[in-house]
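Summary of structural features
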Amino acid sequence: MLKVEQLSAGYGAIEVLHSVSFEVPAQSIVALLGANGVGKTTMMRALLGLIPARQGTVSLEGTPIEHFSTEHRVKCGLSLVPEGRELFGSLTVRENLLVGAFTRHDHQETETQLARVLDYFPRLKTRLYALASSLSGGEGQMLAIGRALMSQPRLLLLDEPSNGLAPVVVDTVFDVIAQLRRKEHLTIIVVEQNVHKALKVADMAYIIQGGHIALYGTPDTLAHNPALQELYLGS
């Protein structure tokens, strides 16, 4: 589904990612793990085109997309749930969801997708006309994921989906992640600080340290690797 080769990216004079390469098979869940500040969010932003690649290639099903605009990448099937959710607080839940369908022009198709999203997050049905600013942290994360799903992505990027959430809500979010792969056949990349939760749902995980891939493997392999904790903690 996705192939990243020798990707470098950063902000201004600061290069955060240094020649990173990895692959994401179709209908798999891949976790990107690492300490704060190692480049995980930069990777997600670079994949969606929110920041430009300084070098390297990003291919979606064999098509190079590193020079595509963010809107074009969304139309190609990428969608991001950003760290911090970035909801439109002055809009209702329904309006926020419809913003996620901005690349779609079929009204009936949009309403059908809205109904599917609400089936995954029944709590949002009861808050549909509430302002996004009034939502709890868990409801806000559900809305952020739902908004991303409204574009009907094939590759979903999740940046720190459990951040700041109560444990019971974290369980709900990761249950939905597993369902989206199983029922919607989505390919998913998840950036996550909760290593246990991420490895539980992932097929493959990459550990980023200092803007490089320091370690990778299946969850079972990594769980028994003594270097995992050291790399994750940035020691």
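Residues numbered from 1 in each chain as written. Predicted model: local features only at pLDDT ≥ 70, side-chain atom pairs only at ≥ 80, totals over all residues. Heavy atoms only, no water.

1. Side note on the sheet that holds strand β5 (residues 63-64)
Spatially, the 4 strands line up as an open sheet ordered β2-β1-β4-β5, and their pairing is antiparallel. Every interior strand has two partners, whereas the edge strands, β2 (14-24) and β5, have only one. Where strand β4 (residues 55-60) lies against β5, 2 bridges are found, and the strand directions are antiparallel. From the neighbouring strand, S59 faces β5, where its bridge partner is P64. Of the strands in this sheet, β1 (2-11), β2 and β4 touch helix α1 (residues 40-48), which is tilted by about 110° from β1. (Pairing = 2+ DSSP bridges. Helix = DSSP H or I, 4+ residues; strand = E, 2+ residues; numbered from the N terminus. Contact = heavy atoms within 4.5 Å. Axes fitted to C-alpha atoms, helices over the stretch in contact; angles between N-to-C directions.)

2. Description of the environment of Y129
Mapped onto the elements, Y129 comes out in the loop between α5 (122-126) and α6 (137-149). The exposure class of Y129 is exposed, given its relative accessible area of 62%. In sequence terms Y129 and V93 are 36 residues apart; their C-alpha atoms lie 5.9 Å from each other. If we ignore the near neighbours within four places in the chain, the residues touching Y129 are T92 and R94. (Buried < 20%, exposed > 50% of the residue type's maximum accessible area, 1.4 Å probe, protein only.)

3. Let's talk about the nonpolar core
Core analysis: the largest hydrophobic core is formed by 46 residues, its most contacted members being L33, L97, F121, L156, L158, L180 and I188. No other element matches helix α7 (residues 167-184), which puts 7 residues into this core. (Core = buried A, V, L, I, M, F, W, Y, C linked by side-chain atoms within 4.5 Å.)

4. Side note on the pairing of β4
Where β1 and β4 come together, 5 bridges link them in antiparallel fashion. From the neighbouring strand, S8 faces β4, where its bridge partner is Q55. As consecutive antiparallel partners, β4 and β5 are separated by 2 residues, and within that stretch E61 has a phi angle of approximately 50°, a positive value.

5. Some thoughts on the sheet that holds strand β3 (residues 29-33)
Sheet architecture is open: 6 strands sit in the order β6-β7-β8-β3-β9-β10, paired in mixed fashion. With partners counted over all chains shown, the strands left at the sheet margins are β6 (78-81) and β10 (212-217), one partner each. When the angles between neighbouring strand axes are averaged without regard to direction, this sheet yields 20°. Against the sheet, α1 makes contact with β3, β6, β7 (155-159), β8 (187-191) and β9 (204-209), and its axis sits at roughly 150° relative to β7, the strand it touches most.

6. Observations concerning the packing of α6 against α7
For the pair α6 and α7, interaxial distance at closest approach is 10 Å and the crossing angle is 15°. It follows from the interaxial angle that α6 and α7 lie roughly parallel. By crossing handedness, the relation of α6 to α7 is classed as right-handed. Together, G138, Q141, M142, I145 and L149 of α6 and V169, T172, V173 and L180 of α7 make up the contact between the two elements. For the contact of α6 with α7, the per-class residue count stands at 6 nonpolar, 3 polar and no charged. (Parallel < 35°, antiparallel > 145°, perpendicular 65-115°, else oblique. Left-handed = near helix turned anticlockwise from the far one by under 90°. Nonpolar A, V, L, I, M, F, W, Y, C, P; charged D, E, K, R; others polar.)

7. As for the layout of surface pockets
Where empty space is left can be seen by rolling a probe of water-molecule size over the atoms. In this structure, the largest pocket occupies an estimated 440 Å³ of space. When residues of the lining of the largest pocket are traced back to their parent elements, those giving at least two are α1, α2 (70-76), β6 and α6. Considered class by class, the residues forming the lining of the largest pocket number 10 nonpolar, 5 polar and 5 charged. (1 Å grid on protein atoms, 1.4 Å probe; cavity = no way out; pocket = protein on both sides within 12 Å on 5 of 7 lines; lining within 4 Å. Points joined across faces, edges and corners; volume = space filled by probe spheres on them.)

8. Comments concerning α1
Along α1, 7 of the 9 residues are buried, which leaves the element largely enclosed by surrounding structure. By the burial criterion, the buried members of α1 are K40, T42, M43, M44, A46, L47 and L48. Just past α1, the residue G49 takes up positive phi, approximately 85°.

9. Considerations on the confidence of the model for the chain
Within the chain, residue pLDDT values average 92, and 97% of them lie at 70 or more. No element of the chain has a lower mean pLDDT than helix α10 (residues 227-233), which averages 63, and none a higher one than β8, which averages 97. (pLDDT = per-residue confidence, 0-100.)

10. Comments concerning the side chain of S28
Of note, S28 is situated in the loop between β2 and β3. S28 gets classed as buried once you look at its relative accessible area, which sits at 7%. There is a polar contact of 2.6 Å between the side chain of S28 and the backbone oxygen of P25. Excluding residues that lie within four positions of it along the chain, S28 makes contacts with R181, L186, T187, I188 and D203. (Polar contact = N/O pair within 3.5 Å; in protein donor to acceptor, adjacent residues only side chain to side chain.)

11. A look at the packing of aromatic side chains
Evaluation of the coordinates by the stated rule reveals 2 aromatic pairs. On the numbers, 5.6 Å between centres and 25° between planes, the contact of Y206 with Y216 is stacked. Placement of Y206 in strand β9 and of Y216 in strand β10 is noted, with a sequence separation of 10 residues between them. (Phe/Tyr/Trp six-rings, centres within 6.5 Å; stacked < 30°, edge-to-face > 60°.)

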